[in-house]
Amino acid sequence: MDNLAIPMASTSLYTKVQFLQRQAASLLLYQSVLQGEVGMAFLELLQAIRYTDADARGCLQAYGSYFHALAARNQNWEDYLITQLLLCENPFTRLAGVREFEDLPSALVTAVQHDLQILQSLYECSSASLSEWVQDVAYMPISPVVWYKEQELLGVETKFTTYLQELDNWGDAVEELAAYYRQCGSGLFAEYRALRWQSGQFIGIRYSDQIKLSALVGYESQKDALLKNTEFLLSGEMALHVLLYGSRGSGKSSLVKSLLNEYSYRSLRLLEVAKSDLKDLPEIVEHLRGVSQKFIIFVDDLSFEEDDDAFKALKVVLEGNLTARPQNVVVYATSNRRHLIREFFVDRPTPKDNEEIHAWDTMQEKLSFSDRFGLTLTFEPANQKTYLKIVQHLVAQAEINITQEDLEFQALQWATRHNGRSGRTARQFVDFLKADLTLSHANKNISNT
């Protein structure tokens, strides 16, 4: 670490800043750590401090931009730097996610050691130090306000941060860092649990649906089958593609989304692909091949028109081709239709001239497309008993105080006047009931005062 340590306090401020700038410029693999808004504001502040003799105002403005960038992310400089280090995607992070440390190229390991030592130098340049430097060059009586908040890194991030803080030389952390990438991945797939494919790229979903498996009642055999198949995926076995078919509002989509909240800690990721983007499915699968996380490609409300390109692309993924199927990817699709391709009476073959000779075979291929999913789970419409069971479960979770008689009467009235008996209707009823009772209670308290 001696050759990379920040110079002693007796060295001029200009030399300190110039040293840090050279360090930042010499990163080999982790340049992206400094390419975000905070990193760029940090570099611009160093530049302003270095050349501030003629314009102290520019230095103060640069410090304001740096402070604002940290406040906007609600992170300290030190936390930001480690977060970006862990999320960075580069040749090392990608290889470390799928290979043992001993199998990584030695030149790559050496480059990471070099970059970690540099990042340690930048880490040690705290916001408090920068504030004091700005005070000096701007001839201010007091130093600018320092952005600071309590550390809030979670789980393995906290463990790795503590490990780095206790090291004299971050260059010794390469093997631990590789182990982190192997466990947690890197880039978007490490930062986000839920993503969507949009305009030819992966987009992270910051606020994914928080539906819990425990909130879903009914269809227990279907739930158990889906959980078992998902366990196959997470354990590295060959899981089946799944079609969840049945009546609207029966909880098919909610069940798939709840898997993310149940298993994300085991590196499960949910990737939403719209029907209009299914033509990209073979490309998407190749992007995910070899990534350390496990992926459920979620296609909601699936159906096709005749000669649909999306149908052909999905067929390739479900049935395979010469390219081996990756074991870390499955397709979970929901549909209200048992036969996914719309069929009209005019489509049925008749013995006319110039008609396809084996037209019945063609029609059967269309009708049997759903059979290409390895597992089909059927969700029948909810009867009154199931509907009321769901309502009672949701009311208990929401801690709503209401008599059983009133609850059943209102729930059945709601189903009659709205969307019929289903899990979705039950959820809508309970949400309305909770809001209505809360508002009535609040109005009563206002009246009493």
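Definitions and cut-offs
Residues numbered from 1 in each chain as written. Predicted model: local features only at pLDDT ≥ 70, side-chain atom pairs only at ≥ 80, totals over all residues. Heavy atoms only, no water. Helix = DSSP H or I, 4+ residues; strand = E, 2+ residues; numbered from the N terminus. Expected span 1.5 Å × (residues − 1). Buried < 20%, exposed > 50% of the residue type's maximum accessible area, 1.4 Å probe, protein only. Arc of directions from axis to C-beta. Core = buried A, V, L, I, M, F, W, Y, C linked by side-chain atoms within 4.5 Å. Contact = heavy atoms within 4.5 Å. 1 Å grid on protein atoms, 1.4 Å probe; cavity = no way out; pocket = protein on both sides within 12 Å on 5 of 7 lines; lining within 4 Å. Points joined across faces, edges and corners; volume = space filled by probe spheres on them. Nonpolar A, V, L, I, M, F, W, Y, C, P; charged D, E, K, R; others polar. Axes fitted to C-alpha atoms, helices over the stretch in contact; angles between N-to-C directions. Parallel < 35°, antiparallel > 145°, perpendicular 65-115°, else oblique. Left-handed = near helix turned anticlockwise from the far one by under 90°. Polar contact = N/O pair within 3.5 Å; in protein donor to acceptor, adjacent residues only side chain to side chain. Salt bridge = Lys/Arg side-chain N within 4 Å of Asp/Glu carboxyl O. Phe/Tyr/Trp six-rings, centres within 6.5 Å; stacked < 30°, edge-to-face > 60°. Pairing = 2+ DSSP bridges. Right-handed = clockwise from strand over helix to strand, strands pointing away.

A. Highlighting helix 16 (residues 384–398). Taking 1.5 Å of rise per residue, the 15 residues of helix 16 would be expected to cover 21 Å, and the 21 Å separating its terminal C-alpha atoms lies within 8% of that figure. Within the span of helix 16, buried status applies to Tyr387, Leu388, Ile390, Val391, Leu394 and Val395. For helix 16, the angular spread of buried residues about the axis comes to 155°, placing them on one side. Facing away from the buried surface of helix 16 by more than 90 degrees, the exposed residues are Lys385 and Ala396.

B. Structural context of the nonpolar core. Counting 58 residues, the largest nonpolar core has Tyr30, Trp77, Phe92, Leu122 and Leu177 as the members making the most contacts within it. Per-element accounting of this core gives the leading share, nine residues, to helix 6 (residues 106–123). Leave out the neighbours within four places in its chain, and Leu177 touches Tyr30, Leu85, Leu86, Phe92, Val112, Leu116 and Phe160. Core analysis: the next-biggest nonpolar cluster, separate from the first, contains 28 residues, Ile211, Val242, Val256 and Phe379 among them.

C. Examining the layout of surface pockets more closely. Approximately 560 Å³ is the volume attributed to the second largest pocket. Lining the second largest pocket are 28 residues, with Gly249, Ser250, Gly251, Lys252 and Ser254 sitting closest to its centre. Looking at the lining of the second largest pocket, the elements that each hand over two or more residues are helix 12 (252–263), strand 6 (329–335), helix 16 and helix 18 (423–448). When residues in the lining of the second largest pocket are grouped by element, the largest group, five residues, is from helix 12. Here the lining of the second largest pocket is composed, by residue class, of nine nonpolar, ten polar and nine charged.

D. Region of the structure containing the packing of helix 4 (residues 77–87) against helix 6. Where helix 4 contacts helix 6, the axes come no closer than 10 Å and their chain directions differ by 160°. Classified by the interaxial angle, the pair formed by helix 4 and helix 6 is roughly antiparallel. The handedness of the crossing between helix 4 and helix 6 comes out as right-handed. Facing helix 4, whose interface residues are Trp77, Glu78, Leu81, Ile82 and Leu85, helix 6 presents Leu116, Leu119, Leu122 and Tyr123.

E. Quick look at the side chain of Gln23. With respect to the helices, strands and loops of the structure, Gln23 is situated in helix 1 (residues 13–25). Among the polar contacts listed, one links the side chain of Gln23 to the side chain of Ser121, at a separation of 3.4 Å.

F. A look at the environment of Tyr219. For Tyr219, the location among the structural elements is in the loop between strand 2 (201–205) and helix 11 (220–234). According to the relative accessible area criterion, Tyr219 is buried, its value standing at 16%. With 160 residues separating them along the chain, Tyr219 and Phe379 place their C-alpha atoms 7.0 Å apart.

G. Geometry of the pattern of salt bridges. Inspection of the entire model under this criterion finds seven salt bridges. The partner of Lys223 in a salt bridge is Glu220, with the nearest N and O atoms 3.6 Å apart. With Lys223 and Glu220 both in helix 11 and three residues apart, the pair spans about one turn of that helix. The class of Lys223 is buried, set by a relative accessible area of 8%. Among the residues examined, Glu220 registers a relative accessible area of 36% and is labelled partly exposed. Across the pair Arg289 and Glu286 runs a salt bridge whose closest N-O atoms are separated by 2.8 Å. Judged by its relative accessible area of 30%, Arg289 is partly exposed.

H. Representation of the packing of aromatic side chains within the structure. Under the defined criterion, the tally for this structure stands at 17 aromatic pairs. An aromatic cluster is defined as three or more aromatic residues linked by ring pairs; in this entry it consists of Phe42, Tyr63, Tyr66, Trp77 and Tyr80.

I. Representation of the pairing of strand 5 (residues 294–299) in the model. Along strand 5, six of the six residues are buried, which leaves the element largely enclosed by surrounding structure. In strand 5, alternate side chains face the same way, and those of Lys294, Ile296 and Phe298 on one face and Phe295, Ile297 and Val299 on the other are all buried. Two strands pair when backbone bridges link them, and strand 4 (residues 268–272) and strand 5 are joined in this way by five bridges, in the parallel orientation. Opposite Arg269, over in strand 5, you have Phe295 as the bridge partner. In this view, the connection linking strand 4 to its parallel neighbour strand 5 by way of helix 13 (residues 281–288) has right-handed handedness.

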